[in-house]
Amino acid sequence: MRIARFSIDGNVAFGAVEGDKPDELVLDIIKGIPFADFQLSGTKVPLSKVRLLPPVLPNKVVAYGRNYADHAKELGNEVPDVPFAFFKPSTSVIGPGDEIQYPSFSADVHHEAELAVVIGRMCREVPRERVKDVIFGYTCANDITARDVQKREKQWARAKGFDTSCPLGPWVETDLDLGRAADLTIQLTVNGEQRQLGRTSEMIHPIEDLIVNISEAMTLLPGDVILTGTPAGVGPLTVGDEVAVTIEGIGTLTNKVVKRG
């Protein structure tokens with residue numbers, strides 16, 4: 001099931017996305033919230049009539065760096081022996097169609113296409129064999145990075161955590177199992193030109209290892225998001241660019257870069 005979060009007539013709701021053709025998609029409005037038992041209301045609205053929002057509002061976004069060997073190599077970094085985590089604040093999250101605001105303190109902002117894992121239940125110290133039980137689903141992410149700031153500052157809070165630096169969407173796909181999620185095509189285009197192309201099977205540390213790693217340290221809450229790293233091909237964005245992340249079996253997340261006002 002594809003679960004979207006949307007607004008219509010000033011109201012915010014979740015809905016199940018139905019249909020196959022992009023111009024014929026409809027939302028069946030959900031009664032309640034998708035992280036608990038819910039029912040479909042049967043009230044349907046065309047997707048074209050709503051504004052899609054970030055599919056979840058995470059308490060925290062835990063991101064993993066250098067999890068694809070070719071990406072680490074292209075930036076001259078060593079591959080870490082253990083998963084390498086950092087955080088993006090909730091204020092960095094935007095949804096499909098929202099604008100990425102180019103930060104005034106950077107002159108070298110890069111795109112990074114990523115598979116995002118959405119947590120479905122409160123959990124801590126999750127054993128590897130139980131990881132599948134705590135995953136709600138998967139969505140597309142773009143780990144927007146101020147590369148020049150990342151290089152000159154010892155920690156990545158500003159480089160990775162500025163407002164609008166974490167586009168998520170267009171919805172959460174709940175029908176993918178761990179086996180399939182471990183081998184999906186992930187690609188990114190800028191103005192229609194392909195920049196990144198890889199497979200999630202190229203991850204150094206698989207999804208199970210990442211969730212085991214972070215849940216050893218902290219409690220994960222429903223709606224929290226885990227970013228799993230980016231394949232090679234990262235590069236600069238400029239004001240006016242349209243950037244799109246497409247992941248097999250999930251969908252496409254598109255955003256435009258604008259000057260920060």
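Refer to the structure printed above.
We now turn to the structure provided with this report. Owing to the predicted nature of the structure, the values given are computational and were not obtained by experimental measurement.

**Observations regarding the overall build of the chain**
Thinking step 1. Secondary structure assignment for the chain yields six helices and 20 strands.
Thinking step 2. A globule of 261 residues ought to have a C-alpha radius of gyration of about 18 Å, and the chain, at 17 Å, matches this closely.
Thinking step 3. Along the first, second and third principal axes, the C-alpha atoms of the chain reach 55 × 45 × 30 Å.
Thinking step 4. A buried classification covers 53% of the 261 residues belonging to the chain.
Thinking step 5. When the accessible surface of the chain is split by element, carbon and sulfur atoms take 49% of a total near 11,700 Å².
Thinking step 6. In the chain, which carries 28 positive and 36 negative side-chain charges, the distance between the mean positions of the two groups comes to 4 Å.

**Let's talk about the pairing of strand 1 (residues 2-8)**
Thinking step 1. Taken across its seven residues, strand 1 has six buried, putting it largely inside the fold.
Thinking step 2. In this structure, strand 1 lies alongside strand 14 (residues 166-173), joined through two bridges in antiparallel fashion. Paired with Arg-2 across the bridge in strand 14 is Glu-173.
Thinking step 3. In this structure, strand 1 lies alongside strand 2 (residues 11-18), joined through seven bridges in antiparallel fashion.

**What about the sheet that holds strand 18 (residues 235-237)?**
Backbone-to-backbone hydrogen bonds join strands into a sheet, with any given pair of strands oriented parallel or antiparallel.
Thinking step 1. Here three strands make up an open sheet; going across it, the order is 13-10-18 and the pairing antiparallel. One side of each edge strand has no neighbouring strand; the edge strands of this open sheet are strand 13 (145-146) and strand 18.
Thinking step 2. By the bridge criterion, three bridges tie strand 10 (residues 109-111) to strand 18 in an arrangement that is antiparallel. Bridged to His-111 within strand 18 is Gly-235.

**Brief notes about the nonpolar core**
Grouped burial of nonpolar side chains is what soluble globular proteins tend to show.
Thinking step 1. Ranked by size, the top nonpolar core spans 45 residues in total, and within it Leu-115, Ile-135, Tyr-138, Ile-207, Ile-211, Ile-226 and Ile-247 carry the most contacts.
Thinking step 2. Apart from residues lying up to four places away in sequence, Ile-226 is in contact with Val-62, Tyr-64, Leu-115, Ala-116, Val-117, Ile-119, Ile-211, Ile-214 and Leu-220.

**Digging into helix 6 (residues 207-215)**
Thinking step 1. Across the nine residues of helix 6, seven count as buried, placing the element largely inside the fold.
Thinking step 2. All of the buried residues in helix 6 are Ile-207, Glu-208, Leu-210, Ile-211, Val-212, Ile-214 and Ser-215.
Thinking step 3. In this structure, the buried side of helix 6 is in contact with strand 6 (61-65), strand 11 (113-119), helix 2 (131-134), strand 12 (135-142), helix 5 (178-181) and strand 17 (225-227).

**Quick look at the sheet that holds strand 15 (residues 185-190)**
Thinking step 1. Taking strand neighbours across the sheet as the criterion, the five strands line up as 9-20-19-15-16 in an open arrangement whose pairing is mixed. Both outer strands of the open sheet, strand 9 (99-102) and strand 16 (193-199), are each paired with one neighbouring strand and no more. Direction aside, neighbouring strands of the sheet carry axes that sit 20° apart on average.
Thinking step 2. In terms of strand pairing, strand 9 meets strand 20 (residues 251-259) through four bridges, oriented parallel. Within strand 20, the residue paired with Gln-101 across the bridge is Val-258.

**A closer look at the packing of aromatic side chains**
Thinking step 1. Taken as a whole, this structure holds four aromatic pairs when the rule is applied.
Thinking step 2. Geometrically, the ring pair formed by Phe-35 and Phe-136 is tilted, given 4.9 Å between the ring centres and 55° between the ring planes. Note that Phe-35 is positioned in the loop between strand 3 (26-31) and strand 4 (39-46) and Phe-136 in strand 12, a separation of 101 residues in sequence.
Thinking step 3. When its relative accessible area of 25% is taken as the criterion, Phe-35 is described as partly exposed.
Thinking step 4. On the accessibility criterion, Phe-136 (14% relative accessible area) is buried.
Thinking step 5. Centre to centre, the rings of Phe-105 and Phe-162 are 6.1 Å apart; their planes meet at 85°, and the pair counts as edge-to-face. Placement of the pair is Phe-105 in the loop between strand 9 and strand 10 and Phe-162 in the loop between helix 4 (157-161) and strand 14, with a sequence separation of 57 residues.
Thinking step 6. Of the residues examined, Phe-105 reaches a relative accessible area of 24% and is grouped as partly exposed.

Definitions and cut-offs
- Residues numbered from 1 in each chain as written.
- Predicted model: local features only at pLDDT ≥ 70, side-chain atom pairs only at ≥ 80, totals over all residues.
- Heavy atoms only, no water.
- Helix = DSSP H or I, 4+ residues; strand = E, 2+ residues; numbered from the N terminus.
- Rg over C-alpha atoms; globule rule 2.2 N^0.38 Å.
- Buried < 20%, exposed > 50% of the residue type's maximum accessible area, 1.4 Å probe, protein only.
- Areas by Shrake-Rupley, 256 points an atom, 1.4 Å probe, with all protein chains shown as cover.
- Lys, Arg positive; Asp, Glu negative; His and termini not counted.
- Charge placed at Lys NZ, Arg CZ, Asp CG, Glu CD.
- Pairing = 2+ DSSP bridges.
- Core = buried A, V, L, I, M, F, W, Y, C linked by side-chain atoms within 4.5 Å.
- Contact = heavy atoms within 4.5 Å.
- Axes fitted to C-alpha atoms, helices over the stretch in contact; angles between N-to-C directions.
- Phe/Tyr/Trp six-rings, centres within 6.5 Å; stacked < 30°, edge-to-face > 60°.

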